[in-house]
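Architecture and fold: a report
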Amino acid sequence: MLHGFDPPLQVIKRAPGRKGSGEWHRGTGVWNEVFSDSRRQLSSPESTHQGAILAISEFLLPEKCAIILLRNRYIVQYYHCHMKLRIGPPVTGEDFYPRPQLIQTLARALNGGHVAFLGPRRTGKTSCLKSIIANPPAGYVPLMLNLEKHNSITDWLKEMAAATRTALEKPAPKLQWLKEQSTDFLKRLETIDFHGVKIELAGSKEAIWRPAADEFLKLLKESDAPLLFLLDEFPAFLNLVAKKTSRDEIEAALNWFRSARQELSDSSTRFLVTGSIGLKSVVRRLGLAPTINDFDVREIPPLKETEALDLLQRLAADNNVPLDEPGCRHILKLLGANWPILLQLFVSAIQDEAFTKPPAQSALDQLYRERLVEDSRNKYCDNMFERLKDIFSE
């Protein structure tokens with residue numbers, strides 16, 4: 001029941017599956033939480049026509065759904081989303097297997113401070129960031145930066161300022177803070193000059209980029225800007241800057257960044273950094289470990305067994321790959337770690353073999369040896385080894 005309405009509304013949902021299939025049954029308690037956002041879209045139940053579609057949202061669920069008010073009942077009609085096999089780029093939208101608990105964990109951590117979201121490459125960190133961009137925490141403007149393409153502190157700061165300007169100039173979202181302060185914020189942002197700043201310290205004890213960086217920090221602090229900076233591949237960026245410039249440059253940047261996080265700890269601005277190589281290892285090698293000890297470190301976990309089974313079955317069904325439940329369970333046993341990329345690679349390998357019926361365990365064993373362990377298509381281990389070798393070359 002959804003209380004707050006007279007009479008109370010019953011929650012009924014359609015069983016997951018393709019549109020037009022499945023059986024109706026009463027929802028469980030979790031749906032009360034899911035529908036809380038939809039309730040806010042109603043001025044009153046009397047003003048809503050029966051049968052009207054109230055909202056179409058993802059709600060961090062595997063399927064999109066339409067929420068319908070019909071005879072004082074919420075009805076959830078699922079609209080099946082086709083999940084494509086995507087081996088290369090980070091998965092987004094309908095191809096992203098939702099991880100609501102993980103996203104909620106990150107949101108809670110960000111509510112309390114700044115976060116380091118770490119884990120091996122190709123384990124879904126960037127996809128999670130893109131999911132946060134699509135469904136940001138309430139009241140926040142998210143900005144995602146890929147730092148792997150930069151090799152200077154100046155370029156990083158420039159992109160933060162440019163991303164901030166771009167995000168605030170968009171017509172949406174219309175947060176209260178944007179309505180009240182965005183115009184003045186953008187005017188002040190325009191006065192901060194990162195252009196022409198050189199990378200070198202030029203014999204000075206203070207990095208030349210520091211005055212502009214301090215002005216940017218002052219602006220964030222005084223405006224209490226509700227900005228969520230998602231800084232992807234932060235450790236790799238630090239390693240590139242160390243090679244391009246010097247340890248002194250890295251030390252100055254990390255000390256400034258730590259000071260910035262501390263000054264913004266009671267404000268609305270938050271930073272989340274990710275890394276597929278060890279952040280602690282990189283800064284420890286440079287002798288700068290204390291500069292990151294304030295981060296709330298969260299590591300991305302593999303999928304739970306139930307999630308991995310569901311993902312395998314959805315990938316198989318949506319891509320016409322014959323795979324039964326015993327086969328799915330055997331795949332999980334072979335892999336040993338339920339990373340989405342490995343599950344996608346295995347289903348893709350089955351698809352390439354053009355099986356007409358679900359492969360036996362012996363066939364899955366052979367595919368595992370020949371296609372996932374020995375085949376060049378699986379670059380997961382090779383890429384990680386090269387990145388680790390690059391970081392620990394000294």
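An account of the accompanying structure is given in this report. (Residues numbered from 1 in each chain as written. Predicted model: local features only at pLDDT ≥ 70, side-chain atom pairs only at ≥ 80, totals over all residues. Heavy atoms only, no water.)

A tally of regular secondary structure across the protein gives 14 helices and 10 strands. Counting every position in the protein, which comprises 394 residues, the buried fraction comes to 48%. In the protein, 69% of the contacts between residues at least 6 apart in sequence involve partners at least 24 apart. With an accessible surface of roughly 19600 Å², the protein has 50% of that area assigned to carbon and sulfur atoms. (Helix = DSSP H or I, 4+ residues; strand = E, 2+ residues; numbered from the N terminus. Buried < 20%, exposed > 50% of the residue type's maximum accessible area, 1.4 Å probe, protein only. Contact = heavy atoms within 4.5 Å. Areas by Shrake-Rupley, 256 points an atom, 1.4 Å probe, with all protein chains shown as cover.)

To continue, consider the sheet that holds strand β9 (residues 270-275). As summarised here, the arrangement of the five strands in space is β7-β8-β9-β6-β10, forming an open sheet in which the pairing is parallel. Either end of the sheet is taken by a strand with one partner, and the two such strands are β7 (141-146) and β10 (296-299). Sheet twist, expressed as the mean angle between neighbouring strand axes with direction ignored, is 20°. Across four bridges, the pairing between strand β8 (residues 227-232) and β9 is parallel. From the neighbouring strand, Leu230 faces β9, where its bridge partner is Leu272. Strands β6 (115-118), β8, β9 and β10 of the sheet are contacted by helix α2 (residues 100-112), whose axis makes an angle of about 130° with β9. (Pairing = 2+ DSSP bridges. Axes fitted to C-alpha atoms, helices over the stretch in contact; angles between N-to-C directions.)

Glancing now at the packing of helix α4 (residues 153-169) against helix α8 (residues 247-263). Orientation of α4 relative to α8, taken along the N-to-C sense of each, is 30°, at an axis distance of 11 Å. Compared by their axis directions, α4 and α8 come out roughly parallel. Each of Ile153, Trp156 and Leu157 in α4 lies in contact with α8, whose residues at this interface are Glu249, Ala253, Trp256 and Phe257. Within the contact of α4 with α8, the residues separate by chemical class into six nonpolar, no polar and one charged. (Parallel < 35°, antiparallel > 145°, perpendicular 65-115°, else oblique. Nonpolar A, V, L, I, M, F, W, Y, C, P; charged D, E, K, R; others polar.)

Attention now goes to helix α12 (residues 340-352). Taking 1.5 Å per residue, 13 residues should reach 18 Å; α12 reaches 18 Å between its end C-alpha atoms and fits that length. By the criterion of burial, α12 is predominantly enclosed, with 11 of the 13 residues buried. Regarding α12, the residues found buried are Pro340, Ile341, Leu342, Leu343, Gln344, Leu345, Phe346, Val347, Ser348, Ala349 and Ile350. A positive phi of about 55° marks Ala354, the residue just after α12. (Expected span 1.5 Å × (residues − 1).)

On the secondary structure map, Arg261 appears in helix α8. The class for Arg261 is buried, based on a relative accessible area of 1%. The contacts of Arg261, once residues within four sequence positions are left out, are His114, Phe271, Thr291, Ile292, Asp294 and Phe295.

Next up on the list: the pattern of salt bridges. Applying the stated rule across the entire model yields 12 salt bridges. Residues Asp294 and Arg258 are paired through a salt bridge, measuring 3.9 Å at the closest nitrogen-oxygen approach. With Asp294 in the loop between α9 (279-285) and β10 and Arg258 in helix α8, the pair connects residues that are 36 residues apart, well separated along the chain. Salt bridges sharing partners connect three or more residues here, namely Arg258, Arg261 and Asp294. (Salt bridge = Lys/Arg side-chain N within 4 Å of Asp/Glu carboxyl O.)

Moving on, we come to the pairing of β9. In terms of residue burial, β9 counts as a mostly covered element, since six of its six residues are buried. A two-sided burial pattern is seen for β9, the buried positions comprising Arg270, Leu272 and Thr274 on one face and Phe271, Val273 and Gly275 on the other.

Trp156, Leu231 and Phe234 are the most contacted members of the largest nonpolar core, which has 51 residues in total. The dominant element in this core, judged by the number of residues it contributes, is α4, at eight residues. The residues touching Leu231, leaving out its near neighbours within four places in the chain, are Leu145, Leu147, Trp156, Met160, Phe257, Phe271, Leu272, Val273 and Thr274. One finds Met83, Leu334, Leu335 and Leu364 within the second-largest nonpolar core, a separate group that totals 47 residues. (Core = buried A, V, L, I, M, F, W, Y, C linked by side-chain atoms within 4.5 Å.)

With that settled, the discussion passes to the packing of aromatic side chains. Within the structure shown, the criterion is met by 11 aromatic pairs. Between Phe234 and Phe237, the ring centres sit 6.3 Å apart and the planes meet at 35°, which makes this aromatic pair tilted. Residue Phe234 and its partner Phe237 are both found in helix α7 (residues 234-244); the two are separated by three residues, about one turn of the helix. Of the two residues examined, Phe234 and Phe237, each falls in the buried class. A connected cluster of aromatic rings, assembled from ring pairs, spans Trp156, Trp209, Phe216, Phe229, Phe234, Phe237, Trp256, Phe257, Phe271 and Phe295. Across the ring face of Phe257, the terminal group of Arg261 is positioned such that the distance to the ring centre comes to 4.6 Å. In this structure, Arg261 is placed above the aromatic ring of Phe295, and the distance from its NZ or CZ to the ring centre is 4.0 Å. (Phe/Tyr/Trp six-rings, centres within 6.5 Å; stacked < 30°, edge-to-face > 60°. Lys NZ or Arg CZ within 6 Å of the ring centre and 35° of its normal.)

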